[in-house]
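Spelled out, the chains give:
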Amino acid sequence: MKTGNLPVSATLLMLLTGCVDVGLRLEVDAFLRSYESEYQRLSYEWSEAEWASNTHIVEGDSTNAVRTRAAHEAYLAFVGSTENINAIRGYVAQRDQLAPLQVRQLERMLYDAAQGPQTVPDVVRDRVAAEAEQNERLYGFEYHMSGRAVTPNEIDAILRTSSDLVERRRAWEASKEVGPVLKSGIVRLRDLRNRTVQALGYPDFWSYQVSDYGMTADEMLALSDRLIEELRPLYRELHTWARYELARRFGEPVPDFIPAHWLPNRWAQDWSALVTVEGIDADAALGEHTAEWVVRQGEAFYVSLGFDELPESFWEKSSLYPLEADAPYKKNTHASAWHLDLAEDVRSLMSVEPNAYWYETAHHELGHIYYYRSYTNPDVPLVLRGGANRAYHEAIGSMIGLAATQHRFLTNRGLAPAGATVDEMAKLLQEALNYVVFIPFSAGTMTRFEHALYAENLSPDQFNAKWWELVRRYQGVEPPSPRDERYADALTKTHINDDPGQYYDYAIANGLLFQMHDHIAREILRQDPHDTDYFGSAEVGSFLKALMSPGASRPWREVLEETTGRSLDAQAMLDYFEPLYDWLVAQNQGRGHTID
């Protein structure tokens, strides 16, 4: 028997010595239960409204948007109410008298309160309205190229496939047109976001977001820098290889910095389209199945590890497949997973088709779903039903996605021929051009720009200069021609507008996923990390459950060290790509490196 987080004997000792105020603990428990009930109701209503806004979009009909905004404001009014803030602060001030899990809940509630503190209701209301206006400008913008309207997908396709540098430059420049439209909005949002969290004592919005990790701004910058530095020798070899390879393809002199329009991504964050891998192509085999089969295979994977089947409500309420061509409404086509009531109502929004992309995506999204279900247990209070930190969710989904595309896994599922010859070095190169190339962008360019924006109050007349200074420093990339302050190229990255101050999440997730995958491959499966098959391993299932079931109820560093035996670093990623590093050094023999 236990009381709070302490054994009975310890609790009795504290009672005898007067160290524990039992009445206070009971009072806090009653407050937490009352808060939790209203919190669940309001967050569920907001989630339901958001779900409708994403799955049933009717042009010209603002019903869902109005409902979503009202539900969001009601949620903020509760979590940020002056009454709740005062009560939580009062209890936190007596933290030495409380159980650790009580303190953890209260601190989370205080963090959530900073989203909309009703001590500054006008600021909160203005911020919510300004964010809605910014999103309308961002997602309602019409891009033009050579005098005709183009979609972002068309721009992306040109950058992935075109060999015409003139066309590529036009597409890249078209992708930046939205920046100036967003500039005044982000300046206003920067002010409103900072003022919102400063009402609860945070120095700025970026520091507020970082605090979710139990870290200061300086600690997060140091962690980001360390990930970059550990991977820098490998990135330098990738950068050198890409400079020479792209110059060869385009028949141009080898540049010191890679021109941004030479790369297959608008922000130079993913170069994997530069490589095609022969020998692994699951599309043909998957094309013989239905879209539902693809999702059911994802469920079968987790069941094989010892997890339960998904509830019937998942299949009834999710939006898993593309809409019919004549559907009277549209839906968001970006894949996502949802935990609407923080209990049993889990759903996924996808547009699954029977191909390799959606096969990987289905396994990834169901990783989020099973994470939700793992920490939906009596030991995890509602307010702590989230990832151990924000990066954990993405790390687990991405790790499963990576595992589901490895040759042994695909062969054993009948989706790749067992005797196929795979160009393993090309596969490693393609993966590095995704995972490794992403780190300087996420941990460097994006993290440092948003830190400067919020914590340093970066002047609007320095936005573009700062952005390109960071892109050159961290990524070794430069624009096709000088870009002055008429432009605002940083703001074309959607996250700066609508998912702000947290892009380091993705860098940390990359480090976590390789660390977890390395542990599973080497310590549990005794397999090559480059060629694994998790399917059917109860031991892998036990490892994942131990990692996922605490949710946010325990410090994320403790969970990581207990499950993998080490703290977070880039070593597992370096080990994974070590054969590629040796190959790149040989390929780059005699070539000049142009980044430190």
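Residue numbers restart at each chain and count upward from 1, following the sequence in its written direction. At least 70 in pLDDT is required for a residue's local features to be given in this predicted model, at least 80 for side-chain atom pairs to be given and counted, and no such filter applies to totals for whole chains, interfaces and linings, which use all residues. Working from all heavy atoms in the structure, the side-chain values ignore hydrogens and water.

Asks: Pulling in residues and values, what's your account of the overall build of the protein?
Replies: Regarding its fold elements, the protein presents 25 helices and eight strands. Every radius of gyration here is taken over C-alpha atoms, with the globule rule written as 2.2 Å times N^0.38, N being the number of residues. At 25 Å, the protein has a C-alpha radius of gyration in line with the 25 Å of a compact globule built from 596 residues. Projected onto the principal axes, the alpha-carbon positions of the protein cover approximately 80 × 55 × 55 Å. Across the protein, every contact between residues at least 6 apart in sequence was considered, and the portion connecting residues at least 24 apart equals 76%. Of the roughly 24900 Å² that the protein leaves accessible, carbon and sulfur atoms contribute 49%. Note that His is not counted, nor are the chain ends; the positive residues are Lys and Arg, and the negative ones are Asp and Glu. The atoms used to mark charge sites are NZ of Lys, CZ of Arg, CG of Asp and CD of Glu. Taking the average place of the 56 positive charges on the side chains of the protein and the average place of its 88 negative ones, the gap between the two points comes to 3 Å. Runs of H or I in DSSP of at least four residues are treated as helices and runs of E of at least two as strands, each being numbered from the N terminus. When checking whether two residues touch, look at their non-hydrogen atoms; a contact exists if any pair is within 4.5 Å. Surface accessibility in these figures is a Shrake-Rupley result with a 1.4 Å probe; residues are shielded only by whichever protein chains are displayed.

Asks: Give me the packing of aromatic side chains: which residues, what numbers.
Replies: Only centres within 6.5 Å qualify two rings of Phe, Tyr or Trp (six-membered ring in Trp) as a pair; their planes then separate them into stacked at under 30 degrees, edge-to-face at over 60, and tilted for everything else. Counted under the stated rule, the structure contains 41 aromatic pairs. For the ring pair Phe 141 and Tyr 143, a centre distance of 4.9 Å and an interplane angle of 80° mean the geometry is edge-to-face. A ring pair is formed by Tyr 302 and Phe 307, whose centres lie 6.3 Å apart and whose planes are at 75°; its orientation type is edge-to-face. Burial classes follow relative accessibility: with a 1.4 Å probe on protein chains only, a residue under 20% of its type's maximum area counts as buried, one over 50% as exposed, and anything between as partly exposed. The exposure class assigned to Phe 307 is buried, which follows from its relative accessible area of 8%.

Asks: Can you break down the nonpolar core residue by residue, with the values?
Replies: Grouped burial of nonpolar side chains is what soluble globular proteins tend to show. Within the largest apolar cluster, 188 residues are counted, with the highest numbers of intra-cluster contacts made by Leu 106, Leu 238, Trp 271 and Phe 577. Apart from the residues within four sequence positions on either side, Leu 106 is in contact with Val 28, Phe 31, Leu 32, Ile 88, Tyr 91, Val 92 and Leu 98. For our purposes a nonpolar core is just a set of buried Ala, Val, Leu, Ile, Met, Phe, Trp, Tyr and Cys residues, chained together by side-chain atoms within 4.5 Å.

Asks: I'd like to hear about the pairing of strand β7 (residues 346-349), residue by residue, with values.
Replies: Judged by which residues are buried, β7 turns out to be covered on both faces: Val 346 and Ser 348 on one side and Arg 347 and Leu 349 on the other are all buried. Where strand β6 (residues 336-339) and β7 come together, four bridges link them in antiparallel fashion. Bridging across to β7, Ser 336 finds its partner in Leu 349. Two strands qualify as a pair provided that DSSP identifies no fewer than 2 bridges between them. The hairpin formed by β6 and β7 contains six residues between the paired strands, and Leu 342 there has a positive phi angle of roughly 60°.

Asks: Can you break down a negative patch on the surface residue by residue, with the values?
Replies: Patches here: salt-bridge-free residues with over 30% relative accessible area, like charges joined within 9 Å, nonpolar side chains (Val, Leu, Ile, Met, Phe, Trp, Tyr) joined within 5 Å. Any Lys or Arg side-chain nitrogen found within 4 Å of a carboxyl oxygen on Asp or Glu counts as a salt bridge. Together, Glu 278, Asp 281, Asp 283, Asp 423, Glu 424 and Asp 528 line one region of the surface with negative charge. Take Asp 283: it is sitting in helix α12 (residues 283-286). What makes Asp 283 partly exposed here is its relative accessible area of 36%.

Asks: Can you lay out the packing of helix α11 (residues 217-250) against helix α18 (residues 424-454) for me, pointing to particular residues and giving the numbers?
Replies: In the contact formed by α11 and α18, the axes pass within 9 Å of each other and the chain directions differ by 135°. Judged by the inter-axis angle, α11 sits oblique to α18. Relative to α18, the crossing made by α11 is left-handed. Where α11 abuts α18, its residues Leu 221, Ser 224, Asp 225, Leu 227, Ile 228, Leu 231, Arg 232, Leu 234, Tyr 235, Leu 238 and Trp 241 lie against Leu 429, Ala 432, Leu 433, Val 436, Val 437, Ile 439, Pro 440, Ala 443, Gly 444, Thr 447, Arg 448 and His 451. Orientation is described by axes fitted as lines to C-alpha atoms, over the contacting stretch for helices, and by angles from 0 to 180 degrees between their N-to-C directions. In these notes the angle categories are as follows: under 35 degrees is roughly parallel, over 145 is roughly antiparallel, 65 to 115 is roughly perpendicular, and the rest is oblique. Take the far helix as the reference: if the near one is turned anticlockwise from it by less than a right angle, the crossing is left-handed, and if turned clockwise, right-handed.

Asks: Explain empty space enclosed by the protein to me, and be specific about the residues and the numbers.
Replies: Each cavity reported here is a set of points on a 1 Å grid over the protein atoms alone in which a 1.4 Å probe fits but cannot get out, each pocket an open set with protein on both sides within 12 Å along at least five of seven lines, and each lining residue one with an atom within 4 Å of a point. Grid points are joined across faces, edges and corners, and a volume is the space filled by probe spheres set on the points. Counted under the stated rule, the structure contains two cavities of 30 Å³ or more. Taken as a whole, the largest cavity spans an internal volume of roughly 70 Å³. Trp 172, Lys 176, Ala 260, Arg 266, Trp 267, Phe 441, Trp 467, Trp 468, Val 471, Gln 475, Val 477 and Asp 489 are the residues that line the largest cavity. Per element, the largest residue contribution to the lining of the largest cavity is four residues, and it comes from helix α19 (residues 463-475).

Asks: With reference to specific residues and values, describe α11.
Replies: Expected helix span is computed as 1.5 Å times (number of residues minus one). With 34 residues, α11 extends only 42 Å from end C-alpha to end C-alpha; this falls clearly short of the ideal 50 Å at 1.5 Å per step. Here the bend at a residue is taken as the angle between two axes, fitted respectively to the seven residues that end there and the seven that start there. At Arg 232, α11 is bent by approximately 55°, the largest bend along its length, and proline Pro 233 sits one to four residues beyond. A positive phi of about 65° marks Gly 251, the residue just after α11.

Asks: Can you explain the packing of helix α21 (residues 504-525) against helix α22 (residues 538-548)? Please cite residues and give values.
Replies: Between two packed helices, what matters for the description is the angle formed by their axes and the separation of those axes. Between α21 and α22, the shortest axis-to-axis distance is 10 Å and the interhelical angle comes to 140°. When the axes of α21 and α22 are compared, the pair comes out oblique. When you trace α21 past α22, the crossing you get is right-handed. Contacts between α21 and α22 involve Met 516, His 519, Ile 520, Ile 524 and Leu 525 from the former and Glu 539, Val 540, Phe 543 and Leu 547 from the latter. Polarity classes work like this: nonpolar for Ala, Val, Leu, Ile, Met, Phe, Trp, Tyr, Cys and Pro, charged for Asp, Glu, Lys and Arg, and polar for all others, with Gly in that last group. Broken down by class, the residue content of the contact of α21 with α22 amounts to seven nonpolar, one polar and one charged.

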